[in-house]
Amino acid sequence: MKIGVLGAGQLGRMLALAGIPLGIEFVFYDNKPQSCAAGLGKFICAEFSDQQKLSEFADQVDVITLETENVPIATLEFVINKAPVFPGSDAVAVTQDRIREKEFFNRLGIPTARYFQVDTGSALRQIATQHKHTLMIKSRRFGYDGKGQMQLDHPDQANTIWQCLGQQPLIAEQRIAFNREVSIISVRRQSGEMCFYPLVENYHLDGILFRSHSQKNDPRQALAEEYAQRVMQALNYVGVLTIEFFDCDGELVANEIAPRVHNSGHWSIDAATTSQFENHLRAILNLPLGETSLEREFVMYNIISRMPDKSALLAIKGLHLHDYAKSSAMKRKLGHITLCNPTEKECSVVERILVQDEPSQASYLN
Ligand code: ATP
Ligand code: MG
């Protein structure tokens with residue numbers, strides 16, 4: 001079996017690391033030459049609009065999937081004529097546009113933050129003046145890791161924010177006062193069979209996911225599964241799909257959908273019976289899905305901006321280090337750590353190692 005993956009970043013890399021033991025081969029397609037999955041299969045580096053290269057890619061694989069939702073829909077529609085694509089372009093299109101995504105949630109009866117479509121600088125000023133609460137202003141498309149979003153506390157900021165965000169279509173969302181952020185990783189196969197991972201609690205630093213952990217029998221598990229089921233059925237979805245929620249006194253308010261494996265599910269490599277990566281591959285190949293249960297307690301941390309001293313980390317028993325082999329850059333995700341059956345002391349040692357020398361993250365240690 002040969003799988004074609006659009007995108008060749010760390011998610012593609014971890015898909016390959018899960019698929020190789022199953023005898024799966026990979027062909028990656030990305031427009032960036034320095035792509036960290038490149039060494040784990042064949043690699044085609046070309047623009048997503050290059051039909052000749054896309055044909056070469058699609059003609060040599062059995063199934064196509066993606067590791068980023070920002071693949072142009074035209075690319076998906078082009079390759080679907082040559083090989084099946086999971087998830088499908090309709091599902092991906094909904095998640096590419098924050099307004100469409102919110103409308104979709106609301107149609108399914110899933111609560112979201114109140115939101116406003118913003119197409120001009122004067123519309124942003126007007127909304128900011130009328131709406132007395134803090135707003136999160138985000139680009140409608142292509143945002144990730146908190147990029148392309150700013151907080152608006154006062155109408156005077158509207159002009160600056162409109163300029164800083166590139167004078168493009170935006171969404172203004174009411175800022176939610178949540179108790180915690182959670183996400184559900186769910187999987188659906190062509191036959192309609194579905195499974196769900198335990199709900200994960202996520203903590204962001206500076207707009208980027210820093211820490212995820214899970215608790216046994218989370219009180220919001222059943223509600224999150226119900227919402228995920230509605231979303232996957234409505235999209236006739238195949239593969240892994242993630243929904244991020246704000247937990248507001250027990251009510252789950254949906255933030256966004258990722259039509260792919262997700263950072264908050266990386267722990268599943270080391271602490272679940274079957275990883276999210278393996279289950280995504282099983283789903284798109286229409287193979288039986290693997291058990292999703294938690295085999296051990298864990299805390300997952302992202303390694304951001306710089307790779308710390310590996311020997312200090314590996315001295316901690318029960319720690320699994322995943323280095324994506326990427327070059328360092330500010331706010332870039334370089335790897336992650338899963339700490340299994342962690343003690344509080346081990347967590348605080350890891351946190352100190354990860355956030356030291358990072359001025360923006362120093363407050364985390366106080
Ligand atoms: P990621 O790639 O990490 O998912 P993103 O750039 O797609 O990030 P969001 O997930 O929408 O953007 O927002 C990033 C984080 O900013 C959220 O996880 C949350 O902490 C905060 N945030 C976003 N929208 C809101 C909101 N309406 N109310 C409160 N906090 C918010
Ligand atoms: Mg998010």
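Now for a description of the structure that goes with this document. (Residues numbered from 1 in each chain as written. Chains lettered and ligands numbered in written order. Predicted model: local features only at pLDDT ≥ 70, side-chain atom pairs only at ≥ 80, totals over all residues. Heavy atoms only, no water.)

What about the packing of helix α1 (residues 10-19) against helix α10 (residues 276-284)?
As a packed pair, α1 and α10 sit with axes 8 Å apart at the nearest point and diverge in direction by 75°. The angle between the axes of α1 and α10 places the two elements in the roughly perpendicular class. When α1 is examined against α10, the residues Leu 11, Met 14, Leu 15, Ala 18 and Gly 19 are found in contact with a partner set consisting of Phe 277, Glu 278, His 280 and Leu 281. In the contact of α1 with α10, the residues fall into six nonpolar, two polar and one charged. (Axes fitted to C-alpha atoms, helices over the stretch in contact; angles between N-to-C directions. Helix = DSSP H or I, 4+ residues; strand = E, 2+ residues; numbered from the N terminus. Parallel < 35°, antiparallel > 145°, perpendicular 65-115°, else oblique. Contact = heavy atoms within 4.5 Å. Nonpolar A, V, L, I, M, F, W, Y, C, P; charged D, E, K, R; others polar.)

Overview of the site of ligand 1
Close to ligand 1 lie 19 residues; Lys 138, Asp 145, Gly 146, Glu 181 and Glu 256 are nearest. Between a nitrogen atom of ligand 1 and a main-chain N or O atom of Gln 174, the distance comes to 3.0 Å. Within the side chain of His 204, a nitrogen or oxygen atom sits 3.3 Å from an oxygen atom of ligand 1. Of all the secondary structure elements, the ones that give two or more residues to the shell around ligand 1 are β6 (135-139), β8 (170-174), β13 (239-248) and β14 (251-258). Split by residue class, the shell around ligand 1 holds five nonpolar, six polar and eight charged. (Near = heavy atom within 4 Å. Polar contact = N/O pair within 3.5 Å; in protein donor to acceptor, adjacent residues only side chain to side chain.)

Remarks on the coordination of the magnesium ion (ligand 2)
In an ideal tetrahedron of four donors about a metal, each angle is 109.5 degrees. In an ideal octahedron of six donors, the angles are 90 or 180 degrees. Donor atoms from the polypeptide that coordinate the magnesium ion (ligand 2) comprise Glu 244 (OE), Glu 244 (OE) and Glu 256 (OE), at 2.0 to 2.8 Å from the metal. Here Glu 244 is found in strand β13, whereas its partner Glu 256 is found in strand β14, with 12 residues between them in sequence. (Donors = N, O, S within 2.8 Å, 3.2 Å for Na, K, Ca; no water.)

What about the pairing of strand β4 (residues 63-66)?
Residues Val 63 and Thr 65 point to one face of β4 and Ile 64 and Leu 66 to the other, with burial holding for every one of them. Taken together, the four bridges between strand β1 (residues 2-6) and β4 define a ladder with parallel strand orientation. Residue Gly 4 lies in a different strand from β4, and its bridge partner there is Ile 64. (Buried < 20%, exposed > 50% of the residue type's maximum accessible area, 1.4 Å probe, protein only. Pairing = 2+ DSSP bridges.)

A look at the environment of His 336
Secondary-structure assignment places His 336 in strand β17 (residues 333-340). In the structure, His 336 is positioned 246 residues away from Asp 90 in sequence and 31 Å away in space, judged by C-alpha atoms. Setting aside residues up to four positions removed in sequence, His 336 forms contacts with Met 14, His 266, Ile 269, Met 300, Tyr 301, Asn 302, Ile 303, His 320, Leu 321, His 322 and Tyr 324. A polar side-chain atom of His 336 sits 2.7 Å from a polar atom in the side chain of Tyr 324.

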